[in-house]
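# What the coordinates show
Listed below, chain by chain, are the residues.
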Amino acid sequence: MAKEKTIYTCNECGGTSPRWLGKCPHCNAWNTLIESVAESSAPAKNRFASLAKTAEVTTLADIEATDVQRTPTGHDELDRVLGGGIVEGGVVLIGGDPGIGKSTLLLQALDSLQRLGQKTLYVTGEESGAQVALRSRRLGLDGSQVSVLAEIQLEKILATLAHTQPAIAVIDSIQTVYSEQLTSAPGSVAQVRECAAHLTRAAKASGTAIVLVGHVTKEGALAGPRVLEHMVDTVLYFEGDTHSSYRLIRAIKNRFGAVNEIGVFAMTERGLKGVSNPSAIFLSQHAEPVPGSCVLVTLEGTRPMLVEIQALVDSGGPSPRRLSVGLDRDRLAMLLAVLHRHAGVACMDQDVFVNAVGGVRISEPAADLAVMLAITSSLRGKALPKGFIAFGEVGLAGEVRPAPRGQERLKEAAKLGFSVAVVPKANAPKRNDKAFEGLTIHAVERIEEAMELARSLA
């Protein structure tokens, strides 16, 4: 019998080499080539022929467009991130660190959908059926009628989906599933790509919504080829510290809703519970205002949230440190330069530490003004007044630029009882509105004005 030909496949990019090399010739990554058996070159039938549908060329105007029907999952925070609920035939990929709560949340969601009359299927490749049942008892899901299949072979999973025809199926996880058509091990680039493609086509053909659970690498990105994220309709990331009781779900891609939406959950003994007012998590409870603290109204998707920005300025050595947690470190260095040049506040010989409370990550530039006010407050040792909020982007010329959807940010601050706001001039309300009642709004055009205003209020 002839020896099977082997090739070496890169874990990072999926490129192949006829022999082992220390560095991948395609993406230049080191120590990523893994031996696998080459597929036979003999002609074989097209694996996707049965799922492919022929279609005629049609103009856009002639195609009937209807709104997609959504099925609420019974968890408001999850529905918010998904864009309103599960879509028929939609494929969702959810990733996160081990033990963060992916399987727990999906089991809770399946139980809620099953109790609403939806047919559900939970395919587990990492646990036995008994382990899933034990977890459901621990979560208080007594008498749950969710169907469970402990299987990792793709062909058997597809046959079960075709036979039972559930409304929603969870595959936990895609890295454990393998197809007999390939010789590589489960979790390899080829297996993940092939299995995800088959499951996606099956979802589109049958109308079953499929949720794929994905492993993440040590850097936090989804493991496997990047094409996996292109194939699916929605990509969700589970974030949060396993030592904290709060978890965030962020939408990175969504063909049926807004991206960058965020859902906030609290981990309890009975599983994950949605947090309806997440601003309370990200605000510290100070009896009296403290120096170096400024509240920011940030926007996560369509939701305005209040986050406390804390700064600590301390005397440094010959090479002062610049450290930020939850904010971009390079942007902090830029803001310190603007603060020195245009507002006359020098921190060249000071250590500067900035933190966004609650473990939230802020990527929008609207945090600039709050960061600069917090740094100035810590440097002077004087607290900003009680009930003070600020937001706005600061340019290199010292101008304060407007933040998107400023009116919604101000309404959220007024609703939560804040009394003083420093905002860009373009975000100031044009007319009196009852929604801003009790909130004194100061509009500024330049960073010097904002600093002068903060000194007069402190």
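First things first, this report covers the structure right here in the doc. (Residues numbered from 1 in each chain as written. Predicted model: local features only at pLDDT ≥ 70, side-chain atom pairs only at ≥ 80, totals over all residues. Heavy atoms only, no water.)

What follows concerns unusual backbone geometry. Residue S173 is reached from D172 by a cis peptide bond, and omega for that bond is 5°. Of note, S173 is situated in the loop between β9 (168–172) and α5 (189–206). Backbone geometry places N31, a non-glycine residue, at a positive phi of 55°. If you trace the backbone, N31 turns up in the loop between β2 (16–17) and β3 (33–37). Here R405, not a glycine, exhibits a phi torsion of approximately 55°, which is positive. (Helix = DSSP H or I, 4+ residues; strand = E, 2+ residues; numbered from the N terminus.)

With that out of the way, let us pick up the packing of helix α7 (residues 329–343) against helix α10 (residues 447–457). The interhelical angle for the contact between α7 and α10, taken along N-to-C directions, is 85°, at an axis separation of 9 Å. Classified by the angle their axes make, α7 and α10 are roughly perpendicular. Contacts between α7 and α10 involve L339, H342 and A343 from the former and I447, E448, M451 and R455 from the latter. In the contact of α7 with α10, the residues fall into four nonpolar, one polar and two charged. (Axes fitted to C-alpha atoms, helices over the stretch in contact; angles between N-to-C directions. Parallel < 35°, antiparallel > 145°, perpendicular 65-115°, else oblique. Contact = heavy atoms within 4.5 Å. Nonpolar A, V, L, I, M, F, W, Y, C, P; charged D, E, K, R; others polar.)

Membership of the largest hydrophobic core comes to 65 residues, with the highest contact counts inside it found for I309, V354, I362, L369, L373, I375 and I389. Per element, the largest residue contribution to this core is seven residues, and it comes from helix α8 (residues 368–380). Not counting the four nearest positions on each side in its chain, L373 is found in contact with C294, L384, F388, A390, A450, M451 and A454. Formed by 29 residues, the second largest nonpolar core is a distinct cluster that contains L82, I94, Y122 and V170. (Core = buried A, V, L, I, M, F, W, Y, C linked by side-chain atoms within 4.5 Å. Buried < 20%, exposed > 50% of the residue type's maximum accessible area, 1.4 Å probe, protein only.)

What follows covers the pairing of β9. For a regular strand, the rule is simple: side chains alternate between the two faces of the sheet. Among the five residues in β9, five count as buried, and that is most of the element. Relative to β9, strand β7 (residues 120–124) is paired through five bridges, and the arrangement is parallel. By the bridge assignment for β9, Y122 is matched with V170. With five bridges joining them, β9 and strand β10 (residues 209–214) adopt parallel strand pairing. Each residue of the ladder has a partner; that of I171, found in β10, is L212. Regarding the hand of the β-α-β motif, the stretch spanning β9, α5 and β10 is right-handed. (Pairing = 2+ DSSP bridges. Right-handed = clockwise from strand over helix to strand, strands pointing away.)

Right, let's talk about the side chain of S136 for a bit. Residue position: S136 is located in helix α3 (residues 129–138). A distance of 2.6 Å separates the side chain of S136 from the backbone oxygen of A133, its partner in a polar contact. In this structure, S136 is in contact with L107 and L141, ignoring residues within four places of it in sequence. (Polar contact = N/O pair within 3.5 Å; in protein donor to acceptor, adjacent residues only side chain to side chain.)

As a further point, take the pairing of strand β11 (residues 234–239). For β11, the buried fraction is high: six of the six residues fall into the buried class. Neither face of β11 is open: one carries T234, L236 and F238, the other V235, Y237 and E239, and all of them are buried. Here strand β6 (residues 91–95) pairs with β11 via four bridges, running parallel. Bridge pairing in β11 links L93 to V235.

So, on to the packing of aromatic side chains. What characterises a pair of aromatic rings is the spacing of the ring centres plus the angle enclosed by the ring planes. One pass over the structure, following the stated rule, counts zero aromatic pairs. When the ring centre of F391 is taken as reference, the NZ or CZ atom of R409 above it lies at 5.5 Å. (Phe/Tyr/Trp six-rings, centres within 6.5 Å; stacked < 30°, edge-to-face > 60°. Lys NZ or Arg CZ within 6 Å of the ring centre and 35° of its normal.)

We now examine the sheet that holds strand β23 (residues 440–444). The seven strands are arranged β17-β18-β16-β15-β19-β22-β23 in an open sheet whose pairing can be described as mixed. Of all the strands in the sheet, the pair left with one neighbour each is β17 (322–325) and β23. Within the sheet, the average angular offset between the axes of one strand and its neighbour, ignoring direction, is 25°. Sheet analysis places β17 next to strand β18 (residues 350–356), joined by four bridges and oriented parallel. Paired with S324 across the strands is V354, a residue of β18. Against the sheet, α7 contacts β17 and β18, and its axis sits at roughly 125° relative to β17. Each of β15 (293–300), β16 (303–315), β18, β19 (388–390) and β22 (420–424) is contacted by α8, which is oriented at about 35° to β16, the strand it contacts most.

A word on the sheet that holds β6. Backbone hydrogen bonds hold the strands of a sheet together, and the pairing may be parallel or antiparallel. Read from one edge to the other, the open sheet built from nine strands follows the order β8-β7-β9-β10-β6-β11-β12-β13-β14, with strand pairing classed as mixed. The open sheet has two edge strands with one neighbour each: β8 (147–150) and β14 (271–274). Within the sheet, the average angular offset between the axes of one strand and its neighbour, ignoring direction, is 25°. Strand direction decides the pairing type here: strand β12 (residues 246–254) and strand β13 (residues 262–268), joined by five bridges, are antiparallel. By the bridge assignment for β13, L248 is matched with V264. Across the sheet, helix α2 (residues 102–115) lies against β6, β7, β9, β10, β11, β12, β13 and β14, angled at about 155° from β7, the strand it touches most. Across the sheet, α5 is in contact with β6, β9 and β10; its angle to β10 comes to roughly 160°.

Along its 18 residues, α5 runs 26 Å from first to last C-alpha, staying within 8% of the 26 Å computed at 1.5 Å per residue. For α5, every residue scored as buried is listed here: V189, Q191, V192, E194, C195, A196, A197, H198, L199, T200, A202 and A203. Next to the buried residues of α5 lie β1 (6–10), β6, α4 (154–164), β9, β10 and α6 (227–231). In the segment just after α5, G207 is the residue with positive phi, at about 90°. (Expected span 1.5 Å × (residues − 1).)

Another point: the environment of S244. Along the chain, S244 falls in the loop between β11 and β12. Look at S244 and you get partly exposed, because its relative accessible area is 29%. Along the backbone, S244 and V325 are 81 residues apart, and their C-alpha atoms lie at a distance of 16 Å.

All right, on to α8 then. The first and last C-alpha atoms of α8 sit 19 Å apart over 13 residues, in line with the 18 Å expected at 1.5 Å per residue. With eleven of its 13 residues buried, α8 lies for the most part within the structure.

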